[in-house]
Amino acid sequence: MTPPVTPPIYQNFIHGRYLANQSGERFDVINPATDDVIYQVEVADHAIQKAAIESAKAGFEIWSAMTAIERSRILLKAVELLRARNDELARIEVLDTGKPWQEAECVDVQTGADVIEYFAGLAPAQVGQQQMVGDDFYYTRKEPLGICAGIGAWNYPLQIACWKAGPALAAGNVLLFKPSEETPLGALKLAEIFIEAGVPEGVFNVVQGAAEVGQWLTAHPDIEKVSFTGEVGTGKKVMASAANTLKDVTMELGGKSPLLVFDDANVTEAVSAAMLGNFYTQGEVCTNCTRVFVQRGVYDKFIEELKTRTEQNIVAGDPLDPNVNLGALISKVHQQLVLDYINLGIKEGAKLLTGGEALSPASAPNGYFVAPTVFVDCQDDMTIVKEEIFGPVMSILVFDEEAEVIKRANNTHLGLAAGVFTQDIQRAHRVIHKLQAGICWINAYGNSPAEMPVGGYKHSGIGRENGIETLDHYTQTKSVYVGMNNIDSPF
Ligand code: NDP
């Protein structure tokens, strides 16, 4: 008999090293494609939390005193290490999230590294202002905020850690990062890489645990900002908690984004976009276009091509197999949630074009798979059309007029993303300008380069990640007035 294999145990990463907790409390991490426990992680107990804050304070003293060029040089070294370790890190992301290797291998680590590289380049170029006021003048300094907290979701764990660390560190802050309890390893590897690159101890600490650890971060008086990625409901709790200590917040939340396909669109391209925006990362992408509005004249053609390509081109299975392009959902609970939404869609009268069930592929029979699912004949008031499902479930709706579809597309409290497919250049811009969403695409869907600011309108978020403006969200402006004459005092 072979002895049972004990899964490895990871600790919190504090002040440049792994640090054991005192409570002995741990949690399991499960590979969604196999249902196996792959490792355990120690929870950040009170001793770890205390050490994390002390470490962050010490790290901030050193890091914020460096010039932006010095910080930039070190961060660029981390970028080099991230890229050199692409495959090792991508594999971790596949095992933790269940997403296909063919995605992680070219997206997760690369787009994370891109953002750190972008902000490392940008930080030395950030300047204040100077203005004469009579003989006197003032100037402004862009100063870091201090200790920031990052709280991440489970769908792009390493990328989210990089997207928060990049601007925070480039601007001279330190970051306490809490990954999702379901995907905690990528952030620890990033912490190791930062140390190897020369980032001082305490500048990037990783604390592990579930909501309680997140709550501790949002309430802590020494933390100046929280950048949160997750569900709308959690975001509201985070913001409410952060309000007690008047923290700055960035909120990257959920969506129920519309894709508008007009009669003159290139249908094959529009189908590609709809599939990418619903089935990539097995549908677990915040910007997904889960409401696809198709104009009546092209509706039948669109649906026919979508059904054929969905049934013929999607390969579910062991996510490490490079031919697989549909992975497992993050957890059994989440799989059931998605299946419940599908059943509700059927009950509410939506017609199933394809999919609609759990899958058990031969190469990963125990994984939490859901077939790529398309509903047609959807109505605006159906639950599947209104609520974020966060799985491979697309709802198709028909429309006739431009004004009508804009109104229907905007009829939601969410506003993360939107897309338009048309060959009419004027209509494309006219319609996009009227859509209430922070991230928009014309004849494209899903691209999110480091240079482009991303974030939501309405309940989908506050603030932005990426793009030049994000650096401002990690600095505060100090105005310095300089008197050049004697003070004119009535006293
Ligand atoms: P959750 O809101 O459940 O969790 C996000 C993070 O918050 C996790 O680390 C979680 O810990 C932590 N957390 C939970 N409760 C609290 C609390 N009260 N205080 C502080 N932290 C808390 O989101 P998911 O992880 O389920 O991610 C999916 C959601 O994220 C979707 O809605 C998706 O749209 C959104 N998202 C948005 C993106 C964007 O850029 N706009 C990008 C990616 C995802 P733990 O999980 O360990 O319990």
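Nothing here was measured: the structure is a model prediction, and the numbers come from that model.

### Section: the site of the ligand
Near the ligand, the surroundings consist of 27 residues, among which G152, E181, T234, L253 and E388 are the closest. A distance of 2.9 Å is found between an oxygen atom of the ligand and a backbone nitrogen or oxygen belonging to E231. In this structure, L253 approaches the ligand through a main-chain N or O atom, which is 2.7 Å from a nitrogen atom. Contact with the protein chains covers 88% of the free accessible surface of the ligand, which is 900 Å². For the shell around the ligand, the secondary-structure elements that each account for two or more residues are α8 (211-219), β11 (225-229) and α9 (232-243). Its residues assigned to classes, the shell around the ligand comprises 12 nonpolar, 10 polar and 5 charged.

### Here's the deal with the packing of helix α3 (residues 86-97) against helix α5 (residues 108-122)
Interaxial distance between α3 and α5 falls to 8 Å at its minimum, and their mutual angle equals 115°. Two secondary-structure elements touch here, α3 through N86, L89, A90 and E93 and α5 through D108, V109 and Q110. Of the residues belonging to the contact of α3 with α5, the class tally is 3 nonpolar, 2 polar and 2 charged.

### Describing the pattern of salt bridges
In total, this model carries 20 salt bridges according to the counting rule given. With a shortest N-O distance of 2.8 Å, R408 and D380 are connected by a salt bridge. Of this pair, R408 sits in helix α14 (residues 402-409) while D380 sits in the loop between β18 (373-376) and α13 (383-386), and the two are 28 residues apart along the sequence. Classification of D380 as partly exposed rests on a relative accessible area of 27%. Ionic pairing is found between E404 and R408, a salt bridge with its closest N-O pair at 2.6 Å. A residue pair is termed a helical-turn pair when its members lie 3 or 4 positions apart in one helix, as E404 and R408 do in helix α14 at 4 residues. Via salt bridges that share partners, R83, D114 and E117 belong to a single interconnected network.

Conventions we followed
- Residues numbered from 1 in each chain as written.
- Predicted model: local features only at pLDDT ≥ 70, side-chain atom pairs only at ≥ 80, totals over all residues.
- Heavy atoms only, no water.
- Near = heavy atom within 4 Å.
- Polar contact = N/O pair within 3.5 Å; in protein donor to acceptor, adjacent residues only side chain to side chain.
- Areas by Shrake-Rupley, 256 points an atom, 1.4 Å probe, with all protein chains shown as cover.
- Helix = DSSP H or I, 4+ residues; strand = E, 2+ residues; numbered from the N terminus.
- Nonpolar A, V, L, I, M, F, W, Y, C, P; charged D, E, K, R; others polar.
- Axes fitted to C-alpha atoms, helices over the stretch in contact; angles between N-to-C directions.
- Contact = heavy atoms within 4.5 Å.
- Salt bridge = Lys/Arg side-chain N within 4 Å of Asp/Glu carboxyl O.
- Buried < 20%, exposed > 50% of the residue type's maximum accessible area, 1.4 Å probe, protein only.

These values are about where atoms sit, not about what they do.
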